[in-house]
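Fold and geometry: a report
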Amino acid sequence: MQKNITLAHGNGGQENNELIEKIFYKYFKNDILEKSEDSALLNIESSQITFSTDSFTVSPLFFPGGDIGKLSICGTCNDLAMMGAKPKYLTCSFMIEEGMSLRELEKIVRSMKKELEINEAKIVSGDTKVVPKGSVDKLFINTSGIGEVLYSGISAHNLVEDMAIVVSRDIGAHGAVIFASREGISLDSNLTTDSASLYPQVKALFDANLEIKALRDATRGGVAAVLNEWAKASNICIEIEEEAVPVRHEVKGICELLGFEALNLANEGTFVLALPKEQAEQALEVLKKSNPNAQIIGKVTNQYPQKVILNSSWGTKRFLDMPSGELLPRIC
Amino acid sequence: MELELKNLYDDFRDGKTIKAYAKIIEQDADKLDRTINIMEVCGGHTHTIMKFGLPQLLPENIKFIHGPGCPVCIMPKERIDHAYILALQPDTILVTLGDMIKVPGSKGSLQQARAKGADVRFVYSPMEVLKIAKENPDKKIIFFAIGFETTTPMTAVVIEQTIILGLKNLYFHINHVTVPEVMRELIDSRDIHIDSYNNQIDAFLGPSHVSVISGAKIYKEFPATYNRPVVVAGFEPVDVMEAISMLVKQFVENRCELEVQYKRVVTMEGNLNAQNVIDKYFEKRELFKWRGLGNVPDSALKLKAEYSFLDAELIYRDILPIEEVEDHKLCICGDILRGMAKPPECTIFGTACKPNTPIGSCMVSSEGACAAYYKYGNLL
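Keep in mind it's a predicted model, so treat the numbers as computed, not measured.

As for the overall build of chain B
In terms of regular secondary structure, chain B is built from 15 helices and eleven strands. Against the 2.2 N^0.38 benchmark of 21 Å for 380 residues, chain B shows a C-alpha radius of gyration of 21 Å, consistent with a compact globule. Burial status across chain B gives 51% buried among its 380 residues. When contacts within chain B are restricted to residue pairs at least 6 apart in sequence, long-range pairs at least 24 apart make up 75% of them.

Brief notes about the interface of chain B and chain A
Counting residues at the interface gives 35 residues for chain B and 22 residues for chain A. Contributing elements (two or more residues each) for the side of chain B that touches chain A: helix H1 (15–30), helix H2 (43–51), strand S4 (119–123) and helix H15 (369–376) of chain B. Of the residues forming the side of chain B that touches chain A, the biggest block, three residues, is contributed by H1 of chain B. When the residues that make up the side of chain B that touches chain A are grouped by side-chain class, the tally is 15 nonpolar, twelve polar and eight charged.

Here's the deal with the environment of Asp 28 of chain B
All names here are of chain B. In this fold, Asp 28 is placed in helix H1. Looking at Asp 28, the number of C-beta atoms within 10 Å reads 20, which means it is buried. When the C-alpha atoms of Asp 28 and Val 248 are compared, they prove to be 6.7 Å apart, with 220 residues separating the residues in sequence. Excluding its chain neighbours within four sequence positions, the residues that come into contact with Asp 28 are Ser 245, Val 248, Lys 249 and Val 252.

Regarding the domain arrangement of chain A
All names here are of chain A. Per the domain assignment, the segments making up chain A are domain 1 (7–149) and domain 2 (163–319). Here the C-alpha centroids of domain 1 and domain 2 sit 28 Å apart. The interface is formed by 17 residues belonging to domain 1 together with 19 residues belonging to domain 2. Listed by contribution, the elements that provide at least two residues to the side of domain 1 that touches domain 2 are helix H3 (68–81), strand S4 (85–97) and helix H4 (102–119). Looking at which element gives the most residues to the side of domain 1 that touches domain 2, the answer is H3, with six residues. Broken down by class, the residue content of the side of domain 1 that touches domain 2 amounts to ten nonpolar, four polar and three charged.

Looking at the pairing of strand S3 (residues 92–97) of chain B
Residues and elements named next belong to chain B. Across the six residues of S3, six count as buried, placing the element largely inside the fold. Where S3 lies against strand S5 (residues 140–147), four bridges are found, and the strand directions are parallel. The partner of Ile 93 across the bridge, within S5, is Ile 141. One crossover worth recording links S3 to the parallel S4 by way of helix H4 (residues 110–115), and it is right-handed.

Focus: the pairing of strand S2 (residues 62–69) of chain B
All names here are of chain B. Within S2, seven of the eight residues are buried, which leaves the element mostly enclosed by the surrounding structure. For strand S1 (residues 36–42) and S2, the ladder comprises six bridges, and the chain directions are parallel. Each bridged residue has a counterpart across the sheet, and for Glu 40 the counterpart in S2 is His 66. With respect to chirality, the unit in which S1 leads through H2 into the neighbouring parallel S2 is right-handed.

A short note on the nonpolar core
Leu 94 and Phe 143 of chain B are the most contacted members of the largest nonpolar core, which totals 119 residues. The element contributing the most residues to this core is helix H10 (residues 237–252) of chain B, with eight residues. Counting residues in hydrophobic clusters, the runner-up holds 94 residues, among them Leu 61, Met 83, Leu 90 and Leu 215 of chain A.

Brief notes about the sheet that holds strand S9 (residues 258–260) of chain B
All names here are of chain B. The five strands are arranged S2-S1-S7-S8-S9 in an open sheet whose pairing can be described as parallel. Pairing within the sheet leaves two strands with one partner each, and these edge strands are S2 and S9. For this sheet, the mean angle separating the axes of adjacent strands, direction not counted, is 20°. Packed onto the sheet, H2 meets S1, S2 and strand S7 (203–206) and runs at close to 120° relative to S1.

Concerning the sheet that holds strand S6 (residues 139–149) of chain A
Residues and elements named next belong to chain A. Pairing within the open sheet is mixed, and its four strands lie in the order S1-S6-S4-S5. Edge positions in the open sheet fall to strand S1 (49–56) and strand S5 (122–131), since each of these has one partner strand only. The sheet shows a mean angle of 15° between the axes of neighbouring strands, direction not considered. In this structure, S1 lies alongside S6, joined through eight bridges in antiparallel fashion. Residue pairing across strands places Ile 49 opposite Glu 148, the latter belonging to S6.

So, the packing of helix H6 (residues 152–165) of chain B against helix H11 (residues 272–281) of chain B
Residues and elements named next belong to chain B. Two elements in contact, H6 and H11, have axes whose closest approach is 9 Å; the angle formed by their N-to-C orientations is 60°. Here H6 lies oblique to H11, going by the angle between them. Relative to H11, H6 is oriented so that their crossing is left-handed. Judged by residue contacts, Thr 152, Pro 153, Ala 156, Val 157, Ile 159 and Glu 160 of H6 engage Ala 274, Val 277, Ile 278, Lys 280 and Tyr 281 from H11. For the contact of H6 with H11, the class distribution of residues is eight nonpolar, one polar and two charged.

Notes on unusual backbone geometry
For the peptide bond that leads from Ser 59 of chain A to Pro 60 of chain A, omega is 0°, which places it in the cis range. Structurally, Pro 60 of chain A is set in the loop between S1 and strand S2 (62–63). Although it is not a glycine, Ser 36 of chain A sits at a positive phi angle of roughly 55°. Phi angles above zero are rare outside glycine, and Asn 254 of chain B is one such case at about 55°. Positionally, Asn 254 of chain B belongs in the loop between H10 and S9. Since 6 C-beta atoms lie within 10 Å of it, Asn 254 of chain B is described here as exposed.

Conventions we followed
- Residues numbered from 1 in each chain as written.
- Chains lettered and ligands numbered in written order.
- Predicted model: local features only at pLDDT ≥ 70, side-chain atom pairs only at ≥ 80, totals over all residues.
- Helix = DSSP H or I, 4+ residues; strand = E, 2+ residues; numbered from the N terminus.
- Rg over C-alpha atoms; globule rule 2.2 N^0.38 Å.
- Buried ≥ 20, exposed ≤ 12 C-beta atoms within 10 Å, placed from the backbone.
- Contact = placed C-beta atoms within 7 Å.
- Nonpolar A, V, L, I, M, F, W, Y, C, P; charged D, E, K, R; others polar.
- Domains from an automatic or database assignment.
- Pairing = 2+ DSSP bridges.
- Right-handed = clockwise from strand over helix to strand, strands pointing away.
- Core = buried A, V, L, I, M, F, W, Y, C linked by C-beta atoms within 7 Å.
- Axes fitted to C-alpha atoms, helices over the stretch in contact; angles between N-to-C directions.
- Parallel < 35°, antiparallel > 145°, perpendicular 65-115°, else oblique.
- Left-handed = near helix turned anticlockwise from the far one by under 90°.

This is the structure in structure tokens:
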């Protein structure tokens, strides 16, 4: 087999089959995929399913703690899990730029397999396109997935006064890693992305019989975006105690340097949940088994409906706005 | 003790210390029978003040006026039009810093030029421009240089390296501005179009990263000639609160002096090497237009004539317009910058003029006064 992807790998013929056999089937193999029909035939037991899709474009493809493959499985599986579902079946499409190294592609597919195992989910259908150089940035991946609902009733519209807001770990690691490893900024740090499959943690919460009212993974737009979406959807105010928000020093440092706010940075394995305040400590106990930095960061009030407020330890408050536009570093 | 990253900010954001300064300021301000309007000249200070909610901690008679110290905000449309036109030249890469690419000129922003196919890049450090020039020998690279004294030495070093390395494809469009001249303008306007004799400024928080380069000495004239005390302050909330307490104390004790709060990095003389390299390549520009303020004498730099072979403004003079472009009629940024109005008093604040569709200078960068008000809200 050649060392790099050529346009021939997307031709539907021999090279294409070789790519599918030697890379995709090798790692994604399962009874449904192997039937190789025009579409996958699925047996669903649950009466309610969730269905989600996401496309992944990230530069660089490999970064400390993860790669685009890991993101592409975690991303879709996490979206399913956030609606109370067990991720079951996924499809994936690869859009590959001519010239991409096959070894890199295999490495990416291998990390997809690892994440599929954590979620106990299967790739049941796939597609590959190879496009001329310059048409995509090395590799774009789309995954779609179906999950079976284990816990129903989760919604951004459910928040009412006196609920507690909890984060599952320290925030902003993924966004900070991506900025630090971008070309043109040489920053050394021990920081790794938070990219992770969240289904195991979410299942532990459901198993503990907690009344989870809202649940969302804080991807693009960060925790600030989730909180603002909830405040608007439920017409309530969310008050956050700034000091309680867990942020690692490395992330804080990168934010200070570039003029960002950790609450706006993307995460790939961090979620926010809202539940009755009496159950907050118990939820924290469950979450801390996965990450000791899980924290209660605030509560739902009626002070400024549809707004998110940050309270400082010196008694001042300010709005935490929805992040907007391209994140650009400040000048001086 | 080993210095950790967190030492650089943690203690400077300590709630107890901030509250203690608030108490001192309140007690001192109580002894005054007047209001003190303090202008924080620098956008970095505006950002700190709004982000950490400091006005909520101050007594009624201590107020902030948000100054013009944001290099992106003050860039007039004429200069952005230059950048836009240069970016759209064939085989050209236009390089600039951070959020400059968002600012609209009369033709559009650099972001829009990029969408039209122009190669516009932003860099974190001006030194990266050299790398871009080396990697693209068949392209013309134009560095649209912006910033106050803080960023000027870096541009000077890039120019020096361009000459040493013999790079033939790198040019400079210089928009560096200087702080003392615009402070002078704000209290002592010489432009017939602008009446700043009613300015409300009683004292200044001095921009300090500017002083890391130029020294605190550049503010000596303000207490001496203009009777306005200056405290050069750091950028963390504890720094700003301490600096305000120092200013209020001066009023209580009837002093009018230049003081430095940010002693951990600012000296009276500044960085002499940086000053030398600036002087080597740059000279004063007679007049520079500041968005929202108009023409300010001697407030900017240009390349010296002997380096005109690097000067994009001269090389491309045939295609760069020189006509004046008016600021938007409804925009009151000029008044905000002179302390005569606050952002929410503007009729288009938060409606037609928002961070993603800025009309006036104070909304364009996250460090502008309007953007800070919009983002953090004015809760008290």
